[in-house]
Amino acid sequence: MLFLNTALEGLRLGLCYAVLAMALYVSYTILDFPDLSVEGNFPLGGVIGTIALYRLGLPPLLAVLLSFLSGALCGALMGLLHVKCRISKLLSGIIVMTGLISVTLALTQLLSRGLTVVYFNYIPNGVRGFFNAPFTAGFSSSAKTLYGVAVLLVFALAVKLLLDLFFATKAGFLLRAAGGNEQTVRTLGQDPGRIKMLGLMLSGGLVGVSGCLYAQMRLQYDNTSGAGKVVIALVAVIMGLSLFGRIPRVRPTTAVALGAILYSLALCFFTLIDRGGIYLKLFNAAFFAAVLILGENRLKFHTGWLKTLFSGKKRGGEKEETTDA
Amino acid sequence: MLELSHIRKTFTAGVDSVRVFEDFSLSLDAGCFLSVVGSNGSGKTTMLNLICGSVLPDAGRVFLDGRDVTALPEYRRFARVGRVYQDPSAGTVADMTVAENLALAHNKGRRYGLTRALPPSALAAMREEVAGLGVGLEDRMQVPVGRLSGGQRQALALLMATCTPIDLLVLDEHTAALDPKNAELLMKITDRIVREKRLTAVMVTHNLRYAVEYGDRLLMLDRGGIVLDARGEEKARLTTDDLLPLFGRISIECGN
Ligand SMILES: Nc1ncnc2c1ncn2[C@@H]1O[C@H](COP(=O)(O)OP(=O)(O)O)[C@@H](O)[C@H]1O
Ligand SMILES: [Mg+2]
């Protein structure tokens, strides 16, 4: 029972982080932009969503849309710093992240004076999010978790499908080109800076969505919820791509989402051992290092059998493209 | 079609400064295929960069098709200019497939919006198009460009640069990274495309023989100045033997 519950918890968290991982797939994998603003953008999405639900009384879907917009704005800001002001990628992210700490703190004051954590259940008239009353009225605790998994699955799938569709469009092709070779974009008569900005807005928006879903799912908004999210997202992306990225017909969006789920499962099972949560960040760091060390070389090798299983070819019978003349 | 007028260009890096052009002028008629040779560091690439807007002149003006484009940013100029670089990895996107690269190039001049980039129905026409290059790309449409040979990659870059209407084609030693056989093949393809599409072209080459055999005007640069400008009959009669003494002298002066 404990095992099953923990697995469901992990799945629910993983679906939430899947959206975050897909956001970083756009910025980190496609645009080669390790976006540190995530640490500020993620709680911003949470606080914006909570304000929309609690103070403005908006339906939860609108709260999610608003958090997308706030995230896109952060992406645009970071893009401007990098593209127009020529500040390096890392520093643009750090600047935005730092500024956002004050922004989210100020916004939190709209929810409750002096507090940095807002518990939905303690709010008098209730926050009408996806994961609490009236949606979950009368559900048992495990039914609530299952329901949470279902709702988040819908979101993660929707984001995945929309991203896949986007990457099949001309704009999506251009975004990939902007990440791969800026000069080619220029010779196509397009401004690579503008394309990058659009990509960062898309990615930032999805980070906001993930933050909003995270707050709703946990029934609490926490100002510090951004801490460590970059590492979580990068682990999901890198692990997902190296484990599942080379399997035919598995799209990168699916791969990074699976990476997020796998990692969240690991996290949840780890918290069973680490009750106090003291070693959680150490676990994160060690896991990240392990994924980076193994990711590029050994994981791919060890999952050769997965590849062959899915591609229906015999082991060792894979035909690699060669670089002939 | 193309005019560079009284260009001055100095590069400064710290205390060092390199004056590449003092007062450089060049004009090129529409439909002309110009070959450019010159010693290393004579300013050939800089001249192309000035034309494309990759580098801005300190003084002087650049005209394309009668329009003053001196202040136009690089990417805007490329709306009507195609360019193939010396480095095979420069003109194509390595982790996108041949078909994806071509789909991008075919849309040049139009909006890159939210419509489908590569409908399966477009593949057959594309395959035929690349088959015309004769480098075997038609069987590798779904292969990431990074896995192609240098020759295939440059041929694709050339096709991408010329598959939409352009006023000017700019080639910067685009055969230099290839082995002699593939370089020769790419040169033939280039000549055919330039003739068939009646393009105005500027080709910088390190190979004197190519400059002599191809193109209808030949320019030799040395330290930012034009030391030879042969066109029409005069160009047609030129042989590598005529060029060698002059080329040897400027090369030796430069120490290479
Ligand atoms: N971006 C640059 N910054 C500094 N110096 C440059 C730059 N581009 C070219 N130069 C210098 O200008 C001179 C001409 O270079 P270039 O035009 O590349 O010659 P080439 O004829 O060999 O193509 C060289 O001395 C080179 O070092
Ligand atoms: Mg050069």
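Refer to the preceding data block for the structure.
Residues numbered from 1 in each chain as written. Chains lettered and ligands numbered in written order. Predicted model: local features only at pLDDT ≥ 70, side-chain atom pairs only at ≥ 80, totals over all residues. Heavy atoms only, no water.

Caption draft 1: Quick look at the interface of chain B and chain A. Each partner contributes residues to the interface: chain B has 35 residues there, and chain A has 24 residues. Counting the surface lost from both chain B and chain A, the interface buries some 2600 Å², and carbon and sulfur atoms represent 60% of this. We note a salt bridge from Glu74(B) to Arg186(A), for which the minimum N-O separation is 3.9 Å. Viewed at the interface, chain A and chain B are joined by 13 residue pairs in polar contact (both at pLDDT 80 or more). Elements represented by at least two residues in the side of chain B that touches chain A include exactly helix 2 (74-77), helix 3 (98-106) and helix 5 (150-162) of chain B. By residue number, the principal contributor to the side of chain B that touches chain A is helix 3 of chain B, which donates 4 residues. Split into classes, the residues belonging to the side of chain B that touches chain A amount to 17 nonpolar, 9 polar and 9 charged. (Contact = heavy atoms within 4.5 Å. Buried area = accessible area lost by both parts, 1.4 Å probe. Salt bridge = Lys/Arg side-chain N within 4 Å of Asp/Glu carboxyl O. Polar contact = N/O pair within 3.5 Å; in protein donor to acceptor, adjacent residues only side chain to side chain. Helix = DSSP H or I, 4+ residues; strand = E, 2+ residues; numbered from the N terminus. Nonpolar A, V, L, I, M, F, W, Y, C, P; charged D, E, K, R; others polar.)

Caption draft 2: The site of ligand 1, seen in detail. All names here are of chain B. Taken together, Phe11, Val18, Val20, Ser39, Asn40, Gly41, Ser42, Gly43, Lys44, Thr45 and Thr46 are the residues near ligand 1. In the model, an oxygen atom of ligand 1 is placed 2.8 Å from a nitrogen or oxygen of the glycine 41 main chain. One nitrogen or oxygen atom from the main chain of lysine 44 is found 2.8 Å from an oxygen atom belonging to ligand 1. Against a free-state accessible area of 560 Å², the protein chains account for coverage of 60% of ligand 1. Counting only elements with at least two residues in the shell around ligand 1, the list comes to strand 2 (16-28) and helix 1 (44-52). (Near = heavy atom within 4 Å. Areas by Shrake-Rupley, 256 points an atom, 1.4 Å probe, with all protein chains shown as cover.)

Caption draft 3: Inspection of the pairing of strand 8 (residues 201-204) of chain B at higher detail. Residues and elements named next belong to chain B. Along strand 8, one buried face is formed by Ala201 and Met203 and the opposite face, lined by Val202 and Val204, is buried too. Of the strand pairs in this sheet, strand 3 (residues 33-38) and strand 8 are connected by 4 bridges, and their pairing is parallel. Across the sheet, valine 36 pairs through a bridge with valine 204, a residue of strand 8. The pairing of strand 7 (residues 168-172) with strand 8 spans 4 bridges and is classified as parallel. Each residue of the ladder has a partner; that of aspartate 172, found in strand 8, is valine 204. You can see the chain leave strand 7, run along helix 6 (residues 180-196) and come back into strand 8, and the turn it takes is right-handed. (Buried < 20%, exposed > 50% of the residue type's maximum accessible area, 1.4 Å probe, protein only. Pairing = 2+ DSSP bridges. Right-handed = clockwise from strand over helix to strand, strands pointing away.)

Caption draft 4: Looking closely at the sheet that holds strand 3 of chain B. Residues and elements named next belong to chain B. The sheet built from 6 strands is open, its strands ordered 6-7-8-3-9-10 with mixed pairing. Edge positions in the sheet fall to strand 6 (81-84) and strand 10 (225-231), since each of these pairs with one other strand and no more. Recorded for the sheet is a direction-independent mean angle of 15° between the axes of neighbouring strands. Those strands touched by helix 1 are strand 3, strand 6, strand 7, strand 8 and strand 9 (217-222), and its axis lies near 150° from that of strand 7. The strands touched by helix 6 within the sheet are strand 3, strand 7 and strand 8, with strand 3 carrying the most contacts at an inclination of about 145°. (Axes fitted to C-alpha atoms, helices over the stretch in contact; angles between N-to-C directions.)

Caption draft 5: Seen up close, the environment of Pro120(B). By the secondary structure assignment, Pro120(B) is in the loop between helix 3 and helix 4 (123-131). Accessibility expressed as a relative area gives 56% for Pro120(B), which makes it exposed.

Caption draft 6: Up close: the sheet that holds strand 2 of chain B. Residues and elements named next belong to chain B. Pairing in this open sheet of 4 strands is antiparallel, and the strands run 2-1-4-5 from one edge to the other. This sheet does not close on itself; its edge strands, each paired only once, are strand 2 and strand 5 (67-68). With 9 bridges connecting them, strand 1 (residues 2-13) and strand 2 associate as antiparallel partners. In the strand pairing of strand 2, glutamate 3 is matched with serine 27.

Caption draft 7: Quick look at the packing of aromatic side chains. Residues and elements named next belong to chain A. Summed over all chains, the structure comprises 16 aromatic pairs over all chains. For the pair phenylalanine 130 and phenylalanine 131, a centre-to-centre distance of 6.2 Å together with 65° between the ring planes defines the contact as edge-to-face. A relative accessible area of 12% places phenylalanine 130 in the buried class. Through pairs of rings, three or more aromatic residues link up here, namely Phe130, Phe131, Phe135, Phe139, Tyr147 and Phe155. The ring centre of phenylalanine 173 lies 5.8 Å from the NZ or CZ of arginine 176, which sits over that ring. (Phe/Tyr/Trp six-rings, centres within 6.5 Å; stacked < 30°, edge-to-face > 60°. Lys NZ or Arg CZ within 6 Å of the ring centre and 35° of its normal.)

Caption draft 8: Just the packing of helix 5 (residues 141-167) of chain A against helix 8 (residues 192-218) of chain A, in detail. Residue and element names in this part refer to chain A. Between helix 5 and helix 8, the least distance of the axes is 12 Å, while the angle of their chain directions is 175°. With respect to helix 8, the element helix 5 is oriented roughly antiparallel. For the pair helix 5 and helix 8, contact is made by Leu152, Phe155, Val159, Leu163 and Phe166 and by Leu202, Leu206, Leu213 and Met217, respectively. A class-by-class count of the residues in the contact of helix 5 with helix 8 yields 9 nonpolar, no polar and no charged. (Parallel < 35°, antiparallel > 145°, perpendicular 65-115°, else oblique.)

Caption draft 9: Highlighting the side chain of Arg153(B). The topology assignment puts Arg153(B) in helix 5. Beyond its immediate sequence surroundings of up to four residues, Arg153(B) is in contact with Pro88(B), Ser89(B), Thr92(B), Ala94(B), Val145(B), Gly146(B) and Leu148(B).

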